[in-house]
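The residues making up each chain are set out below.
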Amino acid sequence: MEVSIRCNHVHYTYHTLQGETPALCDIHFQVNEGEFVSIVGPSGCGKSTLLSLLCGLLTPESGTVEFKGEPVCEKNRRQIGYMLQHDHLFEWRSVRKNILLGLEIQKKISDETLQEADHLLKLYGLYRFKDARPSQLSGGMRQRAALIRTLLLHPDLLLLDEPFSALDYQTRLKVSDDIGSIIRKSKKTAILVTHDLSEAVSLGDRVIVLTPLPAGIKAIVSTDFPKELSPFERRNTDVFKTYFNQIWKELNPDE
Ligand code: ADP
Ligand code: MG
């Protein structure tokens, strides 16, 4: 299997006027193409820092990050899509104009990409709302719009930083099921950061458990669910509880 991204013994420290915050300590793992990996860890442990290193926004203090065998650089980081917790849709642009923003910036607007944009809007049930403003959409619809905007750039690797945490519980279940299925069907490689264990287990082929700050790797748990189950259906299996409890214990060793 081809390796998508590899983190080689990465360390990272924030240096500020107030002092130094070691954020990552000896992070070492790889993600293969087509794999969906979840990363969980306590709040403030260094999860967002790790994603920023994976996509080249930050540079490791020591260690290396390689994307398809090459160091992450200006050239290859275009193949990495980053979807944040907040959807960053602009209210002064229609939904359609919002999802075209990335293409516009990369000067990739063409008949072909416009057609694809409309195709995805239809596929994900947003076409009726293409001329609406973001505030007219539900939380789940906004998240889908943000995903379409990212997918239109055809990233080979998708990094998702707590993309569902602004949603209420019901919506969150539905949207994570939805978006997890979309990513699987499009056979993308994805890394999802979350502090929600159920979300991590229901979506991930593997779950990487981080320690409190500075983040190190506490454990890596592989999940094995029947292929045909959706993320939501995985939650109703017996093995789901086993994985959940195993990861819970890794995160809460004193209980
Ligand atoms: P998480 O995403 O797991 O909540 P972060 O990666 O955002 O954690 O942050 C990890 C630690 O690094 C936190 O203690 C945070 O205060 C610190 N940190 C994050 N960003 C900066 C920054 N730009 N400058 C200094 N410290 C930072
Ligand atoms: Mg974060």
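In this text, all values refer to a predicted model and were calculated from it rather than measured experimentally.

Undergrad: Got a minute to help me understand the packing of helix α5 (residues 139-151) against helix α6 (residues 169-185) in this structure?
TA: When two helices pack together, you describe them by how their axes are tilted relative to each other and by the distance separating the axes. The interhelical angle for the contact between α5 and α6, taken along N-to-C directions, is 20°, at an axis separation of 10 Å. In terms of orientation, α5 lies roughly parallel with respect to α6. Here the hand of the crossing between α5 and α6 comes out right-handed. Residue-level contacts link Gly140, Gln143, Arg144, Leu147 and Leu151 of α5 to Thr171, Val175, Asp178, Ile179 and Ile182 of α6.

Undergrad: I would appreciate a short explanation of the sheet that holds strand β5 (residues 70-71) in the present structure.
TA: Sheet strands line up and pair through hydrogen bonds in the backbone, either parallel or antiparallel. Spatial strand order, β2-β1-β4-β5: 4 strands in an open sheet with antiparallel pairing. Each having just a single partner strand, β2 (19-32) and β5 make up the two edges of the open sheet. Here 2 bridges tie strand β4 (residues 62-67) to β5, and the two strands are oriented antiparallel to one another. Its bridge partner lying in β5, Glu66 is registered against Pro71.

Undergrad: Quick question: what am I supposed to make of the pattern of salt bridges here?
TA: Side chains that differ in charge, positive against negative, can pair when their charged atoms come close. One pass over the structure, following the stated rule, counts 13 salt bridges. The partner of Arg206 in a salt bridge is Glu35, with the nearest N and O atoms 2.6 Å apart. Here Arg206 is found in strand β9 (residues 206-210), whereas its partner Glu35 is found in the loop between β2 and β3 (36-40), with 171 residues between them in sequence. Per residue, the accessibility class of Arg206 equals that of Glu35, and both read buried. When the shortest N-O distance is used, the salt bridge between Asp196 and Arg172 registers 3.6 Å. Of this pair, Asp196 sits in the loop between β8 (189-194) and α7 (197-203) while Arg172 sits in helix α6, and the two are 24 residues apart along the sequence. Comparing Asp196 with Arg172, the two get one shared label, buried.

Conventions used here
- Residues numbered from 1 in each chain as written.
- Chains lettered and ligands numbered in written order.
- Predicted model: local features only at pLDDT ≥ 70, side-chain atom pairs only at ≥ 80, totals over all residues.
- Heavy atoms only, no water.
- Axes fitted to C-alpha atoms, helices over the stretch in contact; angles between N-to-C directions.
- Helix = DSSP H or I, 4+ residues; strand = E, 2+ residues; numbered from the N terminus.
- Parallel < 35°, antiparallel > 145°, perpendicular 65-115°, else oblique.
- Left-handed = near helix turned anticlockwise from the far one by under 90°.
- Contact = heavy atoms within 4.5 Å.
- Pairing = 2+ DSSP bridges.
- Salt bridge = Lys/Arg side-chain N within 4 Å of Asp/Glu carboxyl O.
- Buried < 20%, exposed > 50% of the residue type's maximum accessible area, 1.4 Å probe, protein only.

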